[in-house]
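This is what each chain is made of:
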Protein chains: 2
Amino acid sequence: MPVPAELIETSPYFSGLAPQERDKLKGLFFEKSVSKSEVILWEGEPGDALYILGTGRIKIFRTSAEGKEQVLRVMRAGDSFNEVPVFDGGPNPASAMALEDSVIYGIHRGDVQHILKDYPQVSINVIRVFSRRLRDMVSLVEDLSFRHVTARLAKILLEHAVQFGEESPERRLTQQQMAAMIGTAREMVGRSLKNLETMGAIRVERQKIIIVNREMLQRLV
Amino acid sequence: MPVPAELIETSPYFSGLAPQERDKLKGLFFEKSVSKSEVILWEGEPGDALYILGTGRIKIFRTSAEGKEQVLRVMRAGDSFNEVPVFDGGPNPASAMALEDSVIYGIHRGDVQHILKDYPQVSINVIRVFSRRLRDMVSLVEDLSFRHVTARLAKILLEHAVQFGEESPERRLTQQQMAAMIGTAREMVGRSLKNLETMGAIRVERQKIIIVNREMLQRLV
DNA sequence: CGGGTAAGGAGACAAAAGTCGCAGACTCCG
DNA sequence: CGGAGTCTGCGACTTTTGTCTCCTTACCCG
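To keep things clear, this report deals only with the structure shown in the data block.

Reading guide: rules and limits
- Position labels on residues start from 1 in each chain and follow its written sequence.
- By the order in which they are written, chains take letters starting at A while ligands take numbers starting at 1.
- With the structure being a predicted model, the display of local features is reserved for residues of pLDDT at least 70 and the display and counting of side-chain atom pairs for 80 or more, all residues being used for whole-chain, interface and lining totals.
- Side-chain measures were taken over the full set of non-hydrogen atoms in the model, leaving aside hydrogen atoms and water.
- To superpose the copies, least squares is applied to the C-alpha atoms of every residue with a pLDDT of at least 70 in both.
- We call two residues contacting when some pair of their heavy atoms lies within 4.5 Å.
- A quick way to say it: buried area is the sum, across both parts, of accessible area lost when two parts are put together, with a 1.4 Å probe.
- Between Lys or Arg on one side and Asp or Glu on the other, a salt bridge is scored when a side-chain nitrogen of the former is within 4 Å of a carboxyl oxygen of the latter.
- Every helix listed is a DSSP run of H or I at least four residues long, and every strand listed is a run of E at least two residues long, numbered separately from the N terminus.
- Gly is put with the polar residues, along with every residue not named as nonpolar or charged; the nonpolar set is Ala, Val, Leu, Ile, Met, Phe, Trp, Tyr, Cys and Pro, and the charged set is Asp, Glu, Lys and Arg.
- The criterion for a residue being near a molecule or strand is simple. One of its heavy atoms has to lie within 4 Å of it.
- Within 3.5 Å is the distance limit for a polar contact, defined as a pair of N or O atoms, with the added protein rule that one can donate a hydrogen and the other accept it, and that residues adjacent in sequence qualify only through two side-chain atoms.
- Only protein chains enter the accessibility calculation, which uses a 1.4 Å probe. A residue is then buried if its area is under 20% of the maximum for its type, exposed if over 50%, and partly exposed in between.

1. Some details on the relation of the copies chain A and chain B
Here is step 1: It takes a turn of 180 degrees to lay chain A on chain B, together with a shift of 0.0 Å along the axis; the resulting RMSD is 0.0 Å. Both chain copies can therefore be described as sitting about a two-fold axis.

2. Overview of the interface of chain A and chain B
Here is step 1: On the chain B side, the residues contacting the 36 residues of chain A number 36 residues.
Here is step 2: Carbon and sulfur atoms supply 72% of the area buried between chain A and chain B, which totals about 3300 Å² over both sides.
Here is step 3: The interface formed by chain A and chain B holds 4 salt bridges in total.
Here is step 4: We note a salt bridge from Arg 62 of chain B to Glu 142 of chain A, for which the minimum N-O separation is 3.2 Å.
Here is step 5: Considering every element that reaches the side of chain A that touches chain B, the biggest residue donor is helix α5 (residues 120-146) of chain A, with 19 residues.
Here is step 6: Grouping the amino acids of the side of chain A that touches chain B by side-chain chemistry returns 19 nonpolar, 9 polar and 8 charged.

3. Some details on the protein's contact with DNA strand D
Here is step 1: Close to DNA strand D lie 18 residues; Gln 175, Arg 186 and Lys 194 of chain A together with Thr 184 and Arg 191 of chain B are nearest.
Here is step 2: Taken together, the sugar and phosphate atoms account for 53% of what DNA strand D places within 4 Å of the protein.
Here is step 3: Here Gln 175 of chain A contributes a side-chain N or O atom positioned 2.5 Å from a phosphate oxygen of DNA strand D.
Here is step 4: Between DNA strand D and Val 149 of chain B there is a distance of 2.9 Å, counted from a phosphate oxygen to a backbone nitrogen or oxygen.
Here is step 5: Broken down by secondary-structure element, the contributors of at least two residues to the surface near DNA strand D are α8 (186-198) of chain A together with α8 (186-198) of chain B.
Here is step 6: Among the elements that take part in the surface near DNA strand D, α8 of chain A stands out by supplying 4 residues, more than any other.

4. A closer look at the pattern of salt bridges
Here is step 1: In total, this model carries 22 salt bridges over all chains according to the counting rule given.
Here is step 2: Between Glu 100 of chain B and Arg 57 of chain B there is a salt bridge, and its shortest N-O distance comes to 2.9 Å. Of this pair, Glu 100 of chain B sits in the loop between β7 (95-98) and β8 (102-108) while Arg 57 of chain B sits in the loop between β3 (49-55) and β4 (58-63), and the two are 43 residues apart along the sequence.
Here is step 3: Taken together, the shared-partner salt bridges connect Glu 43 and Arg 62 of chain A together with Glu 142, Asp 143, Arg 147 and Lys 155 of chain B into one network.

5. Thoughts on the environment of Asp 23 of chain B
All names here are of chain B.
Here is step 1: Considering the arrangement of structural elements, one finds Asp 23 in helix α2 (residues 19-26).
Here is step 2: In this structure Asp 23 comes out as partly exposed when scored by relative accessible area, which is 46%.
Here is step 3: In this structure, the C-alpha to C-alpha distance between Asp 23 and Ile 8, residues 15 residues apart in sequence, is 8.8 Å.
Here is step 4: Within the structure, Asp 23 has its side chain in polar contact with the side chain of Lys 26 (distance 3.1 Å).

Next comes the structure, spelled out in C-alpha cells:
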C-alpha cells in the first residue's frame, strides 16, 4: 500500500515542492499498521525512521523510573514524529504508543538525508516544523511550572473539545490518560473534574465531559 | 566592531562552510553590548534578529502572570538564541536578560532568510541545533514532571560544577536564580541545599557551594 | 566607609499534590 | 452470558511545595 496522496500533499514537510517531485518522494515511504496499545518506539533506542500518522491516534511520552508517565503530545492524522533522532543520529527521545488502531507511514534515515540534500526547500520546511515543536514544548514547560492541576486540566479539555466537537468528544480520554498529559496522578484529575463541575464549568456524564461554560474554563487557563 | 572570527568558526550554524563563505557571512552581523540585568528580548514581541552570545552570560526565561519566573536555559559564549521567531515569523517565545555585562552579535531576519537560500548546508546545521534544543526541552519537561525539588537542584549543581570548576564555581548562582531555573520558590532552594548538606553531598560555605560527594548527587538525579 | 539593597536563613503555617485502600460500574472478549 | 480487567469515585492521610514574616549578613555603589 502506498502513502495516501493527500498525506504528502498536506504535509508541511513537502509544501513548496512540485507535484512530480512529491510523486518521487512517495515511493520512499513504507506502510505500517499498529494496533491499539502497541508500542511503536521505545525511548533510548536508536531512531532509524521518521513517521507520519495516516489514521488513528498516537501518544508520545516519557516514562520515569517510578513508572510515572508524561505525555509530550497526542498526534492526529498528518502529524509526524521521531524526527529528532533521524536528523541528529541520537536515540529516540521518547516512546510512542498507539491509542487506537493506527496506520503510519515511515521513511528511513538515509532517504531523509538524501531528500535534504536534493530538496533544500524541505530543510526549510523542517525548520518551520521544529520551530512549532519548540514553541509547543515551551508551552508545556510553562504549564508544568506555572499552572495548577485544575488549570492544566481546563486547558486540555478546551483543546480536546476544539478538536473533537464541543458537545460530545467522540473518543474520550480516560482520567489516567489526562493525568499523564498534565503530569499528575489519576486521583487529582478526578478531583479537579469535580471541582470544575461544582463551579459550573463542565458537566460530567456517563461517558463524556460536556463543556457548559467555555469562558469559565478559558479564564482558568 | 566585527564578529570575532572564532565565534563564526566554532558556531554550529556555519560548520561545513568554506572559509571564504564564512567571511562573507561575518559582515552581516552587528554588535550589541548589554549590561548586567538588561532585558534583551521580551516574550511576545516580534523577533527580528537572531543572536549569538560573544562574551558574558544570558538567561532565557518565561514569566507567569503572578510574576514567577521559569528559566529555560542559561547561555554561555557561542550559544545562540531567538532563532525560533526568526525562522517562523512569530513573536519571541521567551524573554532574555543579561546575567552579566555581555556582548552579543545579531543578524537580521532578512539576512538569515538569504543565507538559508544560498547555503543549504546552513539549513541542515539549523536542524541539528534545533534537534539539540528539543532534546533539552524534553529533558526540562521530564525534570519538572518527574523529579522533586531536591533532585532538580542536584542536577543543576552538577551541571554548574562541570562548567565552572569543581571546587569553586567562580560566578555562582543566587538561590533566587536557581529557584527560577528549577521552577520553584527561593525558600525551597534554601531548604534543599540544607538537605543536601546534612546528607553530606555538598558543603555550603560563605559564597560558594562545594560538591563533597559527586556520586551522591548523581544518584539523586 | 557607610548606607541601601540584595541575598540568605529560619519557623510557622497553608495549600497543593501525591498515596493508599477499597468499592462499584462499566466494557470488552471469549 | 460471564468474568477479568479497566475505569471511576471517594475518603483519609502524608508528603511536598508554597507563602509569609522577620531577621541577619553580605556586598555594591557612591
